[in-house]
Structure formats: structure tokens, C-alpha cells
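# Observations on chain architecture
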Amino acid sequence: NWYSWKYFWNIIVKQNKKYGLINNHGEIIVPVEYNRIEGFGDYYILDTGKKKGLCDAEGNELIPVRCGNIQIISNKSAIIIKDERFFLFFFDNNKEPLEYDEIIRLYGNYCKVVKEGKCGVIDDSGVIIEPVIYDDITYDYREKTFQLFNNNVCETHAKPIKKGATS
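Computed from a predicted model, the values in this text were never measured in an experiment.

The next thing to look at is the sheet that holds strand 9 (residues 69-72). The sheet built from four strands is open, its strands ordered 9-10-11-12 with antiparallel pairing. Unpaired on one side and paired on the other, strand 9 and strand 12 (98-100) mark the two borders of the sheet. Strand after strand, the sheet turns through a mean of 20° between neighbouring axes, direction not considered. Bridging between strand 10 (residues 77-82) and strand 11 (residues 85-90) involves six bridges; their strand directions are antiparallel. Its bridge partner lying in strand 11, lysine 82 is registered against arginine 85.

Set out below in C-alpha cells:
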């Protein structure tokens, strides 16, 4: 028996409690051998139950199935955790991954990054929104602000607004 979930033009299929991926022509592009597959636009997280990997919509391996965890932030990047190391991985092949001691998704496409005990904020394209100089950073959903802590003092900064095309 085949069960399927449609994500754009590919279909996640299930057979004998394992998952795979077929395209809209019925061709298998990811073998039916995973405990779980999650689709996010043009990208798929492949999960064996112990390790995770990442492929694109054509089934091309972007990250081998050797990672502890993967979290897709947007169509630009994902957080990769491998061997207790954190990387901001970019889907653009020309951008090198950024490594931090820790990366935590704060809100939308913003992530808290930690390096040598200090915190900052970056967006999904790797742009530094707040420098890596703070003791801690949180996000206040009601106020839509970053809470920046240094020496037990909190300052707030408004979430940046992405600007669209100007007329």
C-alpha cells in the first residue's frame, strides 16, 4: 500500500512504514527507506530516526544523512547540527556555511547565534542584525522586539523590517 502527501510537485510516499519521494512523473527520486521525510518548499529533510540529511526537489543530496538535527529556516538557509557543531547552511552553493557554538531560531527568519559565550542575531541570509556582543538575547512576540542583555541590563531593539522594492 502506498500513502502520499503532496508538497508542490513531489509526493512523499509511504510503504511498509518507510518513506520516500517521487516526482510528478512517478519516478522515485529518494528511495523509500526513511522513517520520516519533511517537505519545506523545494527542500526535504530525510530522517532515519537517528540521523538527518537534506535534499532538494530533484532528490539531489545537499547534506548527507549524518546530522543530529536540521531545521529549515526559509528558502535561503537551514540550521545544521552535526557532532555538537552548529552551522547556518545556505541553499545558494556559492555561500559557505557559517559556524557558531550554538544557533537557535528566534522568530521568523531570525536566529540567535552564540560564539565564545556571547550572543548576536543573524537573518536567514547570514546578515548580522545584532552583533555578537551580548550576554543573552530573547525575542518578545507581543512587542515584536529583541531583548538584548548585557551585565544584567536589558535594552530592546525593534525587529528589522524587510524592505521591498522602492518605487
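Time to look at the confidence of the model for the chain. Scored by pLDDT, the chain comes out at a mean of 89, with 91% of its residues at no less than 70. Across residues 163-167 the pLDDT falls below 50, and counting only partners more than four positions away or on other chains, this stretch makes zero contacts in the model.

Let us now look at the pattern of salt bridges. Inspection of the entire model under this criterion finds five salt bridges. As a salt-bridge pair, lysine 112 and aspartate 136 come within 2.6 Å of each other at their nearest N and O atoms. Of this pair, lysine 112 sits in strand 14 (residues 110-115) while aspartate 136 sits in strand 17 (residues 136-140), placing them 24 residues apart in sequence. Judged by its relative accessible area of 12%, lysine 112 is buried. By relative accessible area, aspartate 136 is classed as partly exposed at 29%.

Turning to its location among the elements, aspartate 124 is positioned in the loop between strand 15 (118-123) and strand 16 (128-134). Separated by 2.5 Å, the side chains of aspartate 124 and serine 74 make a polar contact.

Moving on, we come to the environment of tyrosine 107. For tyrosine 107, the position within the fold is in strand 13 (residues 102-107). Classification of tyrosine 107 by relative accessible area gives partly exposed; the value is 27%. Taking the C-alpha atoms as reference points, tyrosine 107 and aspartate 140, separated by 33 residues in sequence, lie 9.3 Å from one another. Excluding anything up to four places from it in sequence, tyrosine 107 contacts Tyr139, Tyr141 and Lys159.

So, how was this worked out
Residues numbered from 1 in each chain as written. Predicted model: local features only at pLDDT ≥ 70, side-chain atom pairs only at ≥ 80, totals over all residues. Heavy atoms only, no water. Pairing = 2+ DSSP bridges. Helix = DSSP H or I, 4+ residues; strand = E, 2+ residues; numbered from the N terminus. Axes fitted to C-alpha atoms, helices over the stretch in contact; angles between N-to-C directions. pLDDT = per-residue confidence, 0-100. Contact = heavy atoms within 4.5 Å. Salt bridge = Lys/Arg side-chain N within 4 Å of Asp/Glu carboxyl O. Buried < 20%, exposed > 50% of the residue type's maximum accessible area, 1.4 Å probe, protein only. Polar contact = N/O pair within 3.5 Å; in protein donor to acceptor, adjacent residues only side chain to side chain.

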